[in-house]
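# Breakdown of the fold
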Amino acid sequence: MIRNQEQFDAVIKADQRIESDDWMPDDYRKTLIRQIAQHAHSEIIGMQPEGAWITRAPSLRRKSILTAKVQDEAGHGLYLYGATETLGPDRAELLDLLHTKKQKYSSIFNYPSPTWADVGAIGWLVDGAAIMNQVPLCRCSYGPYGRAMVRICKEESFHQRQGFQIMLSLAEGTNEQKAMAQEALNRWWWPSIMMFGPPDTESVHNARNMAWGIKRYTNDELRQTFIDASVPQAEVLGLTVPDPDLNWNDERGHYDFGDPDWDEFTRMVRGEGEMPAERIRTRLEAHNEGAWVREAAEAYATKQQRDAA
Ligand code: FAQ
């Protein structure tokens, strides 16, 4: 059991784990609550762009796969709210922070999904980016977060494959289907690149979170890894990455790439515009419609306690 700063520093230095009943610096606790809660919010808001396609999936098989995927995202939210609760705040409090826009969720979910190809692009690129960012989080110094990430990453891998498979079917289909896949790639490429967060020169938390073993790689390092992995996949699909500055750099052993629209990123992070307003509105509706479930669960728990007493 860790009781003070000195013991905490030694555990971090030895790359071992901090658990919920250990002593930890206030700022370490605060940054974890911020990051894990934002991550949880992203998972449940992230159900919306694809959830909107469950009733319109092109076949029963696609519909059952998509339903399973969207349910997985709800499960990820559940594990992550659970991990955040081990640090102090309770779930109702955290949801309230999301609903009142006092805590953020990922910028990526403030984009629309107008065609079935968007479901493919989200699985391929957004889940692909999520895996790049989240596999290192399995080694996060905070035990409950790291352990939650192990299962989440396994499920994200299936999500990424199903997305790529949708893109492949479309890319090998009619000219119209291929064009649909290309348009979805055009819509989701830059938002996926920005999903890794601001450039390292502007990241507020990179340095401290790396020193604490929360983050293992910087935003720019992960962004580069994602681009290096995704460009050859786009080539397999026969699609064009919408970046005229994209070029293999032999000297660096990496792709060079263009600059995303960081002003747009700021607007999406702040939740400005109609799409973010719709995301929160839809979330609130779902929350309010679920009130009877929470009440029933509470009544059942009270009865169990009473019966056990
Ligand atoms: N969107 O100093 P940094 C998924 C904020 S889950 C919104 O670099 P940090 C699954 C950042 O919070 C996707 N805000 O921050 C799925 C900070 O804000 P604050 C979510 C962003 O924490 C797939 C400020 O900017 N994944 O996709 C974003 O060191 C498909 C300064 O930034 C996670 O949450 C952004 N993109 O690094 C579901 C993973 N980027 O509060 C459905 C865990 C940055 O100080 C369908 N989180 N900000 O004002 C992380 O790894 C990190 O928190 C980063 C940001 C990398 C997101």
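To be clear, the structure that these remarks concern was listed above.
This structure is a prediction, so every number in the text was calculated from the model and none was measured. (Residues numbered from 1 in each chain as written. Predicted model: local features only at pLDDT ≥ 70, side-chain atom pairs only at ≥ 80, totals over all residues. Heavy atoms only, no water.)

### Points about the pattern of salt bridges
Applied cut-off: Throughout this description, the term salt bridge denotes a Lys or Arg side-chain nitrogen within 4 Å of a carboxyl oxygen of Asp or Glu. Strands are runs of DSSP state E lasting at least 2 residues, helices are runs of H or I lasting at least 4, and numbering of each runs from the N terminus. The buried label goes to any residue with under 20% of its type's maximum accessible area, the exposed label to any with over 50%, and the partly exposed label to all in between, with areas taken from a 1.4 Å probe on protein chains only.
Counting across every chain of the model gives 14 salt bridges. Residue Glu19 is joined to Arg147 by a salt bridge in which the shortest nitrogen-to-oxygen separation is 2.7 Å. Residue Glu19 is located in the loop between α1 (5–13) and α2 (26–45), and its partner Arg147 is located in helix α7 (residues 143–171); the two are separated by 128 residues in the primary sequence. Residue class for Arg147 comes out partly exposed when judged on its relative accessible area of 45%. Measuring nitrogen to oxygen at the nearest pair gives 2.9 Å for the salt bridge that ties Asp118 to Arg187. You can see Asp118 sitting in helix α6 (residues 116–134) and its partner Arg187 sitting in helix α8 (residues 175–194), a full 69 residues away along the chain. For Asp118, a relative accessible area of 0% corresponds to the buried category. Assessed through its relative accessible area of 28%, Arg187 is described here as partly exposed.

### Concerning the packing of α2 against helix α4 (residues 60–85)
Condition: For every element, the axis is a line fit to its C-alpha atoms; helices are fit only across the contacting stretch, and the angle between N-to-C directions ranges from 0 to 180 degrees. What sets the label is the angle itself: under 35 degrees gives roughly parallel, over 145 gives roughly antiparallel, 65 to 115 gives roughly perpendicular, and the rest give oblique. Handedness of a crossing is defined here by the sense of rotation of the near helix relative to the far one, left-handed for an anticlockwise turn of less than a right angle and right-handed for a clockwise turn. Between two residues, a contact is recorded if the distance between any of their heavy atoms is within 4.5 Å. Classification used: nonpolar for Ala, Val, Leu, Ile, Met, Phe, Trp, Tyr, Cys and Pro, charged for Asp, Glu, Lys and Arg, polar for all others including Gly.
Packing of α2 against α4 leaves a shortest axis separation of 8 Å and a crossing angle of 160°. Classed by the angle they form, the pair α2 and α4 counts as roughly antiparallel. Relative to α4, α2 is oriented so that their crossing is left-handed. Residues Ile33, Ile36, Ala37, His39, Ala40, His41, Glu43 and Ile44 of α2 form the contact with α4, whose participating residues are Glu73, His76, Gly77, Leu80, Tyr81, Ala83 and Thr84. Here the residues of the contact of α2 with α4 sort into 8 nonpolar, 5 polar and 2 charged.

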